[in-house]
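Reading the structure
Residues per chain are reported as follows:
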Amino acid sequence: MLELLNLKMESDFDYRIIKSDDYNMDIYIELDYRAVDIVDKNMEFCNSRIQFPRVKAMIIRITTLNNLMTIHLLRDIDLLSAFANFEVDYSGSVFKILKKDEYVILEKEKI
C-alpha cells in the first residue's frame, strides 16, 4: 500500500508525481487505453458500475487540506485531453486502481 500525502492507495499500475508541494500533489497513472469501471457496492444512482471506455491515463489531484481527490480521465497523453472528472471522498478508505484483463477497476475500501 502506498501513502501519498493523506491518501492510502493500492495500484497495479506505475505512477508518476507530476506536481507536488507541501499541500498538493498531482499523480499521473498510465492506463494504456483500457476501459475504467467505477465500482461502488453502495451506489444508489446506478445498479452496478459506471464505465469509461478507452482511457489513456488518469490524473489524481490530492491535498492535505481535506480528504477529497479529483480524478481526471484523459483520452490522450496531453493533460488538456481530460474528458471526465469527478471527486471522491477517501476518508477512512484505501483507494484501489486494479488491473483486470483489458479493463481497470476503481474502488475504495473502508479501513
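Notes on the structure in this doc start here. (Residues numbered from 1 in each chain as written. Predicted model: local features only at pLDDT ≥ 70, side-chain atom pairs only at ≥ 80, totals over all residues. Heavy atoms only, no water.)

1. Quick notes on the pairing of strand E2 (residues 7–11)
Two faces, one strand: in a regular strand the side chains alternate between the faces of the sheet. In terms of strand pairing, strand E1 (residues 2–4) meets E2 through three bridges, oriented antiparallel. Across the sheet, leucine 2 pairs through a bridge with methionine 9, a residue of E2. The turn linking E1 back onto E2 is made up of two residues, and leucine 5 within it adopts a positive phi angle of 50 degrees. The pairing of E2 with strand E8 (residues 93–100) spans three bridges and is parallel. Directly across from serine 11, in E8, lies its bridge partner isoleucine 97. (Pairing = 2+ DSSP bridges. Helix = DSSP H or I, 4+ residues; strand = E, 2+ residues; numbered from the N terminus.)

2. Overview of the nonpolar core
Ile29, Met58, Ile60, Ile62, Met69, Phe95 and Ile97 are the most contacted members of the largest nonpolar core, which totals 25 residues. Elements with a minimum of two residues in this core: E2, strand E4 (24–39), strand E5 (49–63), strand E6 (68–74), strand E7 (82–89), E8 and strand E9 (103–110). Counting residues per element, this core draws most heavily on E4, which supplies six residues. Sequence-distant contacts of isoleucine 29, that is, excluding residues within four places in its chain, are made with Met9, Phe13, Asp14, Tyr15, Ala57, Met58, Ile60 and Ile97. (Core = buried A, V, L, I, M, F, W, Y, C linked by side-chain atoms within 4.5 Å. Buried < 20%, exposed > 50% of the residue type's maximum accessible area, 1.4 Å probe, protein only. Contact = heavy atoms within 4.5 Å.)

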